[in-house]
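# Coordinates in review
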Amino acid sequence: MPINPKKSLATFSLTSCGGCLEVLNENTNRYSGLQNFYEIERFLPNKIEKKYDIVIIEGHPLTEKQIGSAKLIRRQAKIVVALGSCAHIGGVYDEMVTLLPKEKRARKLLSEIVRVDYIVPGCPPDQAELTRCLMDLYWGKIFCLPDLAVCFECRQNENVCLIKKNKLCLGPITRMGCNSICVNNGEACLGCRGLKPDANIRKMTEILKPIIPEFEAKKIMSIFGNLDAKQ
Amino acid sequence: MQNNKLIATNLIGRPYWQAPIMAARIDCDNSVAHNIAAAKAIESACRIEVSSQTKKLRELILAAEIIKNHTFDLYFDVLPDFLGLDSASELSKNHPDLYKNATKLQKFTDQILISVGGRAIHPITSVVGGFKSYPTHLDGDVSLQREASPDMLAAETLRLFSSFDLPVSKLQPDFAALHMDKEYACYDGEIWTSKGELYTEDKFLEFAHEQSFPPCIRVRDKLRRESMKRRMDPRASLSSHTAEPEDDKAIVVGALARYNLNQSHFDEKTKKILSELKIEKKIENPTALILAKAIEIYYFVILSIEILSHSAKAGIKDEHVIPPRKFSSGSSAVESASGIVVHSCELDKDGIILKYEIDALNNP
């Protein structure tokens, strides 16, 4: 049992599939373990008087109303954690704004609207990484993401390099931490965890040129949102 | 705006193979259903005929997702209400045995989803034309979870939920579900309604447009109103409620519709337990959705075990993903835990998506 008292943790969803918060309680043992350290509840925008130690936000802010909610959360939370690709780089919902009426268009990433303290990237995010983040924050530590590329983990997992096989892969520019789960399962890395700090997109596009047409490369880099987004 | 419409718009102008990846992100609860429906729609447009092994594995992960959703609904949403508890965490404290049943069933389904799809949420391996990688030791992977006897847990679940007295509603909705001649349709088939209407593949979209959300929502709202009425006045008899004429037009999809339209295709074990528990062959009461979900948990667990045993005996071949032969238009319908998912697409000569439409007909 922890010596310190429980901290308050709230979750809030913007436009998303809901999978990131599903990851939080995917492993019931790990979730009940977290409940020893946190009082977990859903953030209700109407409850303006309540303050939280940590608020986890999943999803991409698409409307003015959602931007308002994100700002409200920032005022009421000591720490804001952006969870998943949608909250980090826009995710699969990033290009949707054209569907909405002009006055409702936001076209901004969560980090451009409010200050985000920590990011747990991925689509879906890794539960172990999320737990590590929450435990680090509980004990007052700074949570850090790894700076290396997915290729690093991919080699450790003894996968054959897809690019060497003349196949598409965004592993060289994508931040590691997923244990190269997609490549392990035969699929290419599509960059859901965003760019690693020193990623060179131009070089990556050149590498992909003989493999796929340029317009397709652009479409691939935008599956999980704006890969070029500020990290 | 609904997620399915947002994703469908984002798919336009993208290469065909991105459809299943992005469609899986519409709704995390039905990610497998959307992934498979998108893959099937594209395959239909590309004239791809997948192998029987691929079909079986897709059925397996679809069944796993349905079991997982039903288990979550029944144990963590419905059961606390029946037992007078506030939340699922109270269920774990006051009825640890029931809570364990739910978690064991979820672990069983998660292990199937991880072994076949690559992970529990948003499958990785399931793509247009087959699977990127095949689980060569599928039965071995899931064997640990099978030691928990999921069939026994599912039977226990069915017995528990069939013992509850459900409120009777006089709503008499029509039902719609996928239907096949020899199987309890989930992955394939035509859409049948209890009124006797038939929608083949070329008419899936027509069905989705006709039976879009308003009728489903009418039934749901009606049930909510009844539930509110009961809370405010517990003595009020629900059976005294008379159905309004507009209710007759409502279409119910999901577990209850599948049970009513397809139960003749249940396996012997499921038929036996249904007759043992004296469960009626036709359940028109929409509140019996709970019972239909419990029945489906049992049926799909038995089906999953059968597919796993078969794969252990016959082994799983490492097949290649089938490439497209031509690009045109196609559509597909797949059953999800809460209803029917319809995908329709049109591709240009290079395989770029020109049109994409996704309809998710859901019941609560």
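You'll find the structure just up there.
To keep things clear, this report deals only with the structure shown in the data block. (Residues numbered from 1 in each chain as written. Chains lettered and ligands numbered in written order. Predicted model: local features only at pLDDT ≥ 70, side-chain atom pairs only at ≥ 80, totals over all residues. Heavy atoms only, no water.)

What the rule picks out here adds up to 19 aromatic pairs over all chains. Here Phe37(A) and Tyr138(A) contribute two aromatic rings whose centre-to-centre distance is 5.0 Å and whose plane-to-plane angle is 75 degrees, an arrangement assigned as edge-to-face. One end of the pair, Phe37(A), is in the loop between helix 2 (28–34) and strand 2 (38–42); the other, Tyr138(A), is in helix 6 (residues 127–138), with 101 residues separating them in the sequence. Like Phe37(A), the residue Tyr138(A) is buried in the burial classification. Ring geometry for Tyr184(B) against Phe300(B): centres 5.9 Å apart, planes inclined by 70 degrees, an arrangement best described as edge-to-face. You can see Tyr184(B) sitting in the loop between strand 3 (174–179) and strand 4 (190–193) and its partner Phe300(B) sitting in helix 13 (residues 289–314), a full 116 residues away along the chain. For the pair formed by Tyr184(B) and Phe300(B), the shared burial category is buried. Through successive ring pairs, a cluster of aromatic residues spans Tyr184(B), Tyr259(B), Phe266(B), Tyr299(B) and Phe300(B). The cationic tip of Lys40(B) hangs over the ring face of Tyr187(B); the distance from NZ or CZ to the ring centre is 4.6 Å. (Phe/Tyr/Trp six-rings, centres within 6.5 Å; stacked < 30°, edge-to-face > 60°. Helix = DSSP H or I, 4+ residues; strand = E, 2+ residues; numbered from the N terminus. Buried < 20%, exposed > 50% of the residue type's maximum accessible area, 1.4 Å probe, protein only. Lys NZ or Arg CZ within 6 Å of the ring centre and 35° of its normal.)

All names here are of chain B. Reading across the sheet, the four strands line up as 5-4-3-6 and stay open at both edges, with mixed pairing between neighbours. Each edge of the sheet is formed by a strand with only one pairing partner; in this case those strands are strand 5 (198–199) and strand 6 (251–252). As defined by bridge partners, strand 3 adjoins strand 6 across two bridges and the pair is classed as parallel. For Asp174, the partnering residue across the bridge sits in strand 6 and is Ile251. Each of strand 3, strand 4 and strand 6 touches helix 11 (residues 255–262); the most contacted strand, strand 3, lies at about 75 degrees to it. (Pairing = 2+ DSSP bridges. Contact = heavy atoms within 4.5 Å. Axes fitted to C-alpha atoms, helices over the stretch in contact; angles between N-to-C directions.)

Before going further, it helps to examine the interface of chain B and chain A. Counting from both sides, the interface comprises 34 residues of chain B and, opposite them, 33 residues of chain A. With both chains or domains summed, chain B and chain A bury close to 2900 Å², and 64% of this area falls on carbon and sulfur atoms. Of all residues in chain B, Leu6(B), Arg25(B) and Ile124(B) bury the most surface against chain A, accounting for 18% of the area lost on that side. If you look at where chain B meets chain A, you find one salt bridge. On the surface where chain B and chain A come into contact, there are 12 residue pairs in polar contact (both at pLDDT 80 or more). Elements represented by at least two residues in the side of chain B that touches chain A include exactly helix 1 (3–11), helix 2 (18–23) and helix 6 (96–117) of chain B. Looking at which element gives the most residues to the side of chain B that touches chain A, the answer is helix 1 of chain B, with six residues. Taken together, the residues of the side of chain B that touches chain A break down into 15 nonpolar, 10 polar and nine charged. (Buried area = accessible area lost by both parts, 1.4 Å probe. Salt bridge = Lys/Arg side-chain N within 4 Å of Asp/Glu carboxyl O. Polar contact = N/O pair within 3.5 Å; in protein donor to acceptor, adjacent residues only side chain to side chain. Nonpolar A, V, L, I, M, F, W, Y, C, P; charged D, E, K, R; others polar.)

Residue and element names in this part refer to chain B. Taken together, three strands build an open sheet; the order of strands is 7-8-9 and the sheet is antiparallel. Strands with a single pairing partner mark the edges of an open sheet, and in this sheet they are strand 7 (329–336) and strand 9 (353–362). Between one strand and the next, the sheet's axes are offset by a mean angle of 10 degrees, whatever the strand orientation. Helix-sheet contacts for helix 3 (residues 31–45) involve strand 7, strand 8 (339–347) and strand 9, and the interaxial angle to strand 7 is about 155 degrees.

Right, let's get into unusual backbone geometry. Here Cys123(A) and Pro124(A) are connected by a cis peptide whose omega angle stands at -5 degrees. Residue placement: Pro124(A) occurs in the loop between strand 5 (118–120) and helix 6. A positive phi angle, near 55 degrees, is found at Arg47(B), a position not held by glycine.

This brings us to the pattern of salt bridges. All names here are of chain B. By the definition in use, this model includes 22 salt bridges over all chains. As a salt-bridge pair, Lys40 and Asp188 come within 3.1 Å of each other at their nearest N and O atoms. Placement of Lys40 in helix 3 and of Asp188 in the loop between strand 3 and strand 4 is noted, with a sequence separation of 148 residues between them. Under the relative-accessibility criterion, Lys40 is labelled buried at 12%. Between Lys355 and Glu346 there is a salt bridge, with its nearest N and O atoms 4.0 Å apart.

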